[in-house]
Structures are given as structure tokens and as C-alpha cells.
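This is what each chain is made of:
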Amino acid sequence: MAEGVVTSVADKVVESLFVVAKKEIGYMWNCKQHVDKFKSEVQNLKDMKGRIQQKIELAKNKGDNLVHGVEDWINAATAEILKAEEFITEEEGNAKKTCFGIGFCGNWSTLHHYGKKAAQTDPLMELKARGTIYESCVSLDTPAPGILDCYQNKNLVDIMTHNSVLDNIIKALEDDSKQVIGVYGVGGVGKTTLAKEVALTVKNMFADVAFTTISKQFDVEKIQKETENARKRIINGEKILIILDDVWEELNLDELCIPFGINHTNCKILLTSRSKDVCEKMNAQSVISVNSLPLEEAWILFKHVVGDKLETDTHLSSVAYDISKECGGLPLVIDVIGKTLKNKDISSWKATLSQLQKNALKNKDVDATIKTVYNRLKLSYDFLESEAQWCFLQCSLFPEDDNILLEDLVLYRVGLEKSKEIESIEDVRSTVQNAVNIVKSYGLLLDADVGDDYSKYYIRMHDVCRDMALLIVNEGSTNHFLVMAREGLTEWSPRNNIQQSYMGISLMHNRIHKLPEYHISFPHLEAANLQWNQLISISEEFIEGLKNARVLDLAYNEISSLPQSLARLSQLRMLNLEGNRCIYEISIIGELKGLEILILNDTGIKEVPECIGHLVNLRRLEVIECERLSHIPPDVILKLRRLEELRIHFTVHCKEVHECLAAVNCLSKLTCLELKVPSLRDIPEGFNCDKLKGFAIGIGRDDSRFEYVWTLKRLLVLNTEYHVFPILRMQKLIEVSRPIMISLGAIENLNNVIPDLDQEGFNNIEHINLKSCKNVTCLVDTCDWGGNANKKFLREVKRLILFGLDKLQVLWKCPDEFISLTNLVNLYICDCHKLVRLFPLSVAKGLVSLKEVQIQLCKNIEEVIWGETKTDEVIVFPCLTTIHLSYCYELKSFYSGSCSIKYPSLVKVTSIDCYKMEMWGHGSHETPKLKFVNNLPLDGGYSINDKNASLSGNKNALIT
């Protein structure tokens, strides 16, 4: 029996040894399969990392916050890929030394070791599994800059009235027994300015300050959205201040979902209103009055607005002083009249004084105090020429406190045909822009709250000025405006006896789902602004009542079909159907022979019907972002001989792109073109834009939207499967484009980028974005280039993005004197592992426009700037505001030399996981405005990271 047991044990040992031996032999025998699978998994992980990194880059460019963990995943994936590639390189090198090849290797030890290691794919698989989460989501939306973000502190030092109010408000906010503070005063007295000053002054007292404008016709959903984050933080117990600006009536805080009362004493509310009664109804424990300025302070503020000329011209100063007395001590009036007169001669000043002393609006329903404000503001309106007056009044059609798109004013101006002498849309655009600039200079229009990047496209109207505009336009017996914009309307049922005098109707930004289905008559109506509602259909009867309408704006509704009575609008010049995605059939539009502007963007149309070719008076046509669009007959475009401006995006489904573009080339009056095509092959040979005054052309597949620019000439080459070079068919287009924006991804035959592009005519590129072009070793290499090597490369480049360029070793291989980066503003380099250093000092000295530097995941980079000068020269980066360095594991210093560098504009430095960076640089590095280091406010001495250069809290200078 014992013998049987021994035999059984022996059999199991033998069996186990056999299994182990079989497995070990399998590593050797199946080495090639294991290696191939290993390489495949490595490539899969690289592809996933590339996709996620692209989404990260897009999120960062949009300013969104990355989800927690995604950057750690990128780092782990990068490290694992590097480890795997080093293993493959090393083992294949060993195999080549001892074997004919993996399949014919006689070195069994090598095969066994290689196969066994290659079979260990678990770390790759695990990272890939974790990465699936981030493929669908890498970021969280970051809200756009709000009103407080864009606000600049006002100089209130000498304005004691406002300073006193400011102190009283702050004391009330510091008092724990007071939860609601009310501030009241007449319109234009400076309540909103004071509220914003308070917000900036007390921001350290609160975890967050939320600011929302209520207005006369307020939108509950808008207020809830603007206070959403603050409300959440109140629930979480944080101390929050909510500012409710321009409150006209008692608000129900429960309806606004604002946590408040005894259970939420961590929430404080500051409200501003024109009425003390409203403050009291809102149960304000402290009610503070903002009075008009006394004469001395009004004169100080008036001099601030007008400038030094009042100090040097005694005759003018005397008249100006009397004018300041007539401004009623209202900062808004002082600002408007001061800006109106500052560049006028003394006769205009005297005439204004005379009018101020006797002018009055005739509307008896206006409160006497309010009428005083309007009387004084109207003087500035009276100074305006007719074009500027038209723009000012037209702005009153838009909702209160709305950001108004300038291009909308241009289109309405064309549609209303006010000036017969204006011959082109371009002339109208110039006229409108000039008129708006004049009105703004008089203080009657304001800059929009949209951030610097878009501010040039929008304007805003102060609510007091808007009220005045509506009073002006409704003074007479005819040509009135009916304005009920953003008043929360769900229906509109006008009476028949009130329509006769209306010249303009604005019902925009409501929730109206149905228009009257009975006959009404608007004999004088020229413009109907019905955009941004919930209209499902337009009744035949309603359209019949608009027989003289010239502008019909139905954008962003839910209309599915157009009424047949539309054909009777013989005077119609502009029709906007943008955003009505359920509209498929538009043939009736072919009957509108007088139409000059037609906007079909983002509709559900599958084709542009032949009948659109009947619109021979059409001057502007827009057909962009129509996802279902598959058919555009070239004959339609050929027939539109008067077309001046065309915005058209061809989808991959369109079959006649080539023919349509040939037709576009035949439009002799065309001056502006926005175009997107799927591929370079869609551009016909000889396609020429040199006659155009403005164009924006995108080639390739991308979701980017063009800005509202009609005077620039820009070419955007996007990701495309087609090899970029050669592209002689675009030669004419390239020659006249400025700026050119190049965005190339995964291009195989791309290496020596700039000279190659230069030879094709791309000599004025302003934006370069290279992603995953695996053969790019440098941007400029003149060694084997046959061109003129004495030119300056990169001179025009303003934005440079280099991402995932595995073979990029240096930015250029040519003498440094051939490189100029004087216009470079933004530099972003990521995942370029072979880069060791970026700029020699001789080139870095020319970075006079550089504002932002971001270098990430460049694991071998050792220094950003290197080199010395022959003298004690001080280098200055005058515009540099932000430096971000992360996951650059070999980075030793930002600048390796000993020269002194000044950073007069630098406010933020971030350094993450740059473990070897022991000093910023050997010389002196002055940063007088540095505010944040690693996202922490500068307060005393900080380190960029644990081993980095320290910061002197006293001098705000980076030192060793």
C-alpha cells in the first residue's frame, strides 16, 4: 500500500513537472505568437493613450477641468509603453546577435526568455481596461468667465459718497446677525458698480461670490443656472455671498431654489434695487441708500472721464463745471455726457449746457427723477448721426442685459435697406461697426461680458439706456416698437386694434409655442424678431398680416414646415431659419424673389432645392452645419450671380463638392467665403480666392467653428487622410491666405515640416498644430533643402502645438540666425520624449510676444533655455504670463545659464513632478507680478516643487 502511495505521489509530481515543462517549452515554441500579441497590445495602449491625450488637449484648450485620475493614467500608460518598447528593443537586439530571426533562432535560451516576458501582457491589459473610462470622459465643463471675472476695479479713491456706501455694505456683511443687505438708488447712480466693488473686496470673506442680474423681466431658469454652484456649496455648509443685481419686485427665494433662512445662515444676500420698498419686502436687515454725488465729487468724476484738458483750458473748464452740475450727480450720466463731449469743441459744450438747462422728455408717465436721467442721456443720443441713432435704437429690441452680436445688426441693416447709397454688405458692416464705435464712445453702449476673445463681436446696452431708447422710439404716433423680449411668454395673442403703428416686433427669447391663428394686420411692420422660442408652426393668417415685412427672424425654434402664405411676402429681404432642425422642405422659399439674405444653418434639409436658384437677388447665403445635407446642385450656385457672401459646409455625404466649388469660382460679386470641405481632393485645380476680401476655408474633418470674421483671409488645414504634399491645386489659395492655420494629425510622409510647407507656398503660417506625426524629427532642417536658407523661418507663427511627436529631437536643424519667433504667443509641447532642450538664448531673446508656455510629458527634456551672452545683458520676456511644466522627469532648470532674466508680466508658475529640477536658473530671475506658484497664492516663500528654486516673498523674484 505504501508503495502505491509513493507511486501515486510520484505520478502527480511527474504530471506537475510535465505541465510546468510544457508551459516553459511553450514560451520558447510560441515565442513569435507571444511577441506579436505583446506588440499588438502595446500598440493598442498607445492608440488609446493618443485618443485620450487628444481629448485632454481639447479639454484644456476649452479651459475645462480634467477628471481626477486621467493624468495619472496617462503617466502610467506612458511609463508602461516606454518599459515595453525598451524591452522589445533590447530583446530583439539580443535575438539578432544570436539568431537568424525569431522564427529561425537556434538559441533556445533567448527564445524562452523573450517568449516568457512577451507573454506577460497583464499590466498592458489592466491599463487598457482602466483607460476605457477616460475614453468617454476626460473633463468636466468649466463655466465661462462671468461678470465678476471680467470686471475691472474702478478708481473710487476721491468719491467719498461711494466709499462710504462701500464701507457700510462691508460692515453689514461682516455682521452675522444680518443675512440680507439691500442697496437702493435711482437708475444710473452706481449701484451695480458698487455691488461689483463689494464682490472683489469681500471675496476672501466667502468661499464663493455669485453675481446674477435680475432685471425687470427676469428668467427664473437663468438665475437658477447662474447661482447653481453657489447653491450647492451653501447646502454643503460653505459661506457664500449671492448678489442679486437690479431687483424690480419682491423675489421668491424658494422659487429661485436659493437655500436661505435660519437653516442656512451661511448664505448672505446682497440685493440692489431702484426701490427701497423692494428691499424692505425682501426683509433686508440693513437697507443702504446710494445717493447721487455732491457737486464736488461729480466734478472730480467728470474730470476723470474727460481727462487733462479740463485742467489746462480755463474757458472749457468753466463750461464743463456747469455741465457737471446739470448731470444730477449720477455717475452714468456723467460718464455718458463726459465721453460725448471730451473730443468736441467748446461750441458743442456750450450748446450741451444750454440743452441741459431746458430739455425734457414729454412722456408724462415717467417718474420725475427717472425723467431727469433720461433727459440728460438723450442729449448724447441727439448728438449721434442717423446711422448711430439707428444702431442704438435697434439694440433696444434685444433682451435687457443681453450680449448683442454685431453681425445681427449688419444683417438687419441689409434687410431693412435704410441707405440706398450703400452698395455692398461689406459697406454695411463697416458702417455698422463705425456707428457702434461712436455710440460706445458716448457711453450709450458697453463692452459685452463675453471675455477678451469674443468681445469684438458683441456689444451690450445698459438697462437705463435701453429704457431711454424705448421711450424715444415710442414717443410719436407711428413707427413704434413692441418689445417683449425674454419676458417668459408662453403665448402671444395681440388685439387687432394695437397693431397699426408697429414698425418692429421683438418677441425673442421666450417660450412661445404658438402664434395667432386669426387675421391680424401690421401694415407698417418691417421687422419681426421671433427667434429663440418654441414655435412648432407658423399660421397662414399670421404671415398674411406681415405683407410689408422686410426681416423675418425665426431662428432656433422647432418649426417643421413653412406656411404657403410665406410666398406673399414680396417685400421680404432677410429670412433666418437657423436651428430649426425639423425643417426638411424649403421649396416655398423659391417664391421670395426679393430675398437678399437666406440663413439655413443647422436645419434638417437634405438638399438645396433647384428653386433656390430663382433667388437672383440673393446677396448672402448660409448653409453650414446641416448634417443631413447630401445634395447641392452646382447650377443653383451658378444662378446666384449677385451673391456677395457665402457660408457653406460640405459634408462627407455631398457628392457635388468639386462641381459646386467650380461654380463658386464663377461668382463675380463674391467678396466673402466661409467654406469647409472633407478633403483636399475636393478643392478643384485653380480654385482661386485672391479676389475675395475675406475668407475662412477649412479642409478636413473637424468640429471647429470659424469666428465671425469677414475681413481676414485664413486657411485651416485640418486632420485629413490625404497626404498633404504636394498640393499644387491649392497654390493660388495658399498665396493669398493670412493667417494660415495648419492642424495635421497622423500624417505619414511628414518630416521636415516648415521647408516642405514653404516650398508649397505656406510661407505665412500663424498657427501650427502637429499631432502624432510619427516621422517628424524637426520643424526646420535646411541641410538638404534646396531653397533660400537665408530666410527667417517661423517668423509669422503665433501659436505652436506639438503633441505626440515620437521622433522629434530638436525644433530646428539650421543656424539659429535663420529662426525668428518674435510673433510666437502660445507654445504647447506634450508627449515629445526625444526633445532634450528647446531654445538657445540667442533665439529666446526674440520671444517678445510669448504669453504662455506649457511643456508636459516630455520625459527627456533637460532645459527650456540654454546658452550665455558675451556681455552682462539682461534678457526680458515682456509678455510672458504663464509657465506650466509637468511630468518632465529629466528637467534640471528652466534656464541653465547665468544671465539675468526679467519676467515683468509673469503671474503664474506651475511645476508638477519635475523631480530633477533643483533650481530655476543660476542668474537673477525677477518676477514682480508673480501671484501663483503651483496654483497657490504667493504669500511668503514657496517652492516651485520640493527641490525647485525658492521664491522670495519680499521681492517676488525667482532665485537659486
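Being a predicted model, the structure only gives us computed values, none of them experimental.

**Q** How would you summarise the overall build of the protein if you had to cite specific residues and measurements?
**A** Helix and strand counts for the protein come out as 27 helices and 40 strands. Looking at the protein as a whole, 52% of its 960 residues are labelled buried. As displayed, the protein offers around 43300 Å² of accessible surface, 49% of which is attributable to carbon and sulfur atoms.

**Q** Run through a negative patch on the surface, naming residues and quoting values.
**A** A contiguous patch of negative charge, built from Glu585, Glu607, Glu610 and Asp635, is present on the exposed surface. Within the element layout of this structure, Glu610 appears in the loop between β16 (597-599) and β17 (620-623).

**Q** Got a sec to walk through the confidence of the model for the protein? Specific residues and values, please.
**A** Residues with a pLDDT of 70 or more make up 78% of the protein, whose mean pLDDT is 80. The secondary structure element of the protein with the lowest average pLDDT is strand β39 (residues 951-952), at 30, and the one with the highest is strand β15 (residues 574-576), at 98. Counting interchain partners and residues more than four positions distant, the pLDDT-below-50 stretch residues 16-22 has 0 contacts. Below pLDDT 50 for its whole length, residues 939-960 participates in 62 contacts with residues either more than four positions away or in separate chains.

**Q** Describe the pattern of salt bridges, listing the residues and the values that go with them.
**A** Here the idea is simple: oppositely charged side chains can pair when their charged atoms come close. Tallied over the full model, the rule gives 33 salt bridges. For Asp831, the salt bridge is made with Lys49, and the minimal N-O distance between the two is 2.8 Å. Pair noted here: Asp831 is in the loop between β27 (826-830) and β28 (837-840) and Lys49 is in helix α2 (residues 31-62), with a separation of 782 residues, a long-range link. Look at Asp831 and you get buried, because its relative accessible area is 7%. The salt bridge partner of Glu674 is Arg647, with a shortest N-O separation of 2.9 Å. Highlighted residues: Glu674 in strand β19 (residues 672-677) and Arg647 in strand β18 (residues 645-649), separated in sequence by 27 residues. Residue classification places Glu674 among the buried positions, given a relative accessible area of 4%. On the basis of relative accessible area, Arg647 is assigned to the buried category, the value being 4%. Where salt bridges share partners, they join Glu407, Arg429, Arg620, Glu622, Glu645, Arg647 and Glu674 into one cluster.

**Q** With reference to specific residues and values, describe the environment of Gly613.
**A** Locating Gly613 in the fold gives a position in the loop between β16 and β17. Take Gly613: its relative accessible area is 3%, and that puts it in the buried class. Remark: the alpha-carbon pair of Gly613 and Lys593, spanning 20 residues in sequence, is separated by 10.0 Å. Each residue touching Gly613, except ones within four places of it in the same chain, is listed here: Val636, Lys639 and Leu640.

**Q** How would you explain the sheet that holds strand β5 (residues 240-247) if you had to name every residue and give the values?
**A** Strand order in this open sheet of 5 strands is β4-β5-β6-β3-β7, and the pairing throughout is parallel. Only two strands of the sheet have a single partner each, and these edge strands are β4 (208-213) and β7 (286-289). Averaged over all pairs of adjacent strands, the angle between their axes in this sheet comes to 15°, without regard to strand direction. With 6 bridges joining them, β5 and strand β6 (residues 267-273) adopt parallel strand pairing. Looking across to β6, one finds that Leu241 is bridged to Lys268. Those strands touched by helix α8 (residues 191-201) are β3 (180-184), β4, β5 and β6, and its axis lies near 160° from that of β6.

**Q** Talk me through unusual backbone geometry; I want residue IDs and the actual numbers.
**A** The residue Asn283 is not glycine, and still its phi comes out positive at about 60°. As for its position among the elements, Asn283 is in the loop between α11 (276-281) and β7. Its identity is not glycine, yet Asp602 carries a phi of approximately 55°, on the positive side. Structurally, Asp602 is set in the loop between β16 and β17. The exposure class assigned to Asp602 is buried, which follows from its relative accessible area of 12%.

**Q** Describe the side chain of Gln394, naming the residues involved and giving the relevant values.
**A** By secondary structure assignment, the location of Gln394 is in helix α18 (residues 386-395). Since its relative accessible area comes to 4%, Gln394 is described here as buried. Not counting residues up to four positions away in its chain, the partners in contact with Gln394 are Leu409, Tyr412, Leu416 and Phe481.

**Q** Hey, could you go over the sheet that holds strand β30 (residues 863-866) for me, with residue numbers and the actual values?
**A** Strand order across the open sheet formed by 3 strands is β28-β30-β33, with parallel pairing between neighbours. Bordering the open sheet on either side are β28 and β33 (893-895), each of which pairs with just one other strand. Strand-to-strand twist in this sheet, taken as the mean axis angle between neighbours without regard to direction, amounts to 25°. Relative to β33, β30 runs parallel, the two being bridged by 2 bridges. Each bridged residue has a counterpart across the sheet, and for Glu863 the counterpart in β33 is Ser893.

**Q** Outline the nonpolar core, supporting the account with residue identities and numerical values.
**A** Phe302, Ile323, Trp349, Phe392, Leu409 and Leu444 are the most contacted members of the largest nonpolar core, which totals 95 residues. No other element matches the 8 residues that helix α21 (residues 463-473) contributes to this core. Residues within four places of Leu409 in sequence aside, it is in contact with Trp390, Gln394, Cys395, Phe398, Ile404, Val432, Val436 and Ile459. Counting 72 residues, the second largest nonpolar core, distinct from the first, contains Leu535, Ala549, Phe650 and Leu670.

How each quantity is defined
Residues numbered from 1 in each chain as written. Predicted model: local features only at pLDDT ≥ 70, side-chain atom pairs only at ≥ 80, totals over all residues. Heavy atoms only, no water. Helix = DSSP H or I, 4+ residues; strand = E, 2+ residues; numbered from the N terminus. Buried < 20%, exposed > 50% of the residue type's maximum accessible area, 1.4 Å probe, protein only. Areas by Shrake-Rupley, 256 points an atom, 1.4 Å probe, with all protein chains shown as cover. Patch = residues over 30% accessible without salt bridge, like charges linked within 9 Å, V, L, I, M, F, W, Y side chains within 5 Å. Salt bridge = Lys/Arg side-chain N within 4 Å of Asp/Glu carboxyl O. Lys, Arg positive; Asp, Glu negative; His and termini not counted. Charge placed at Lys NZ, Arg CZ, Asp CG, Glu CD. pLDDT = per-residue confidence, 0-100. Contact = heavy atoms within 4.5 Å. Pairing = 2+ DSSP bridges. Axes fitted to C-alpha atoms, helices over the stretch in contact; angles between N-to-C directions. Core = buried A, V, L, I, M, F, W, Y, C linked by side-chain atoms within 4.5 Å.

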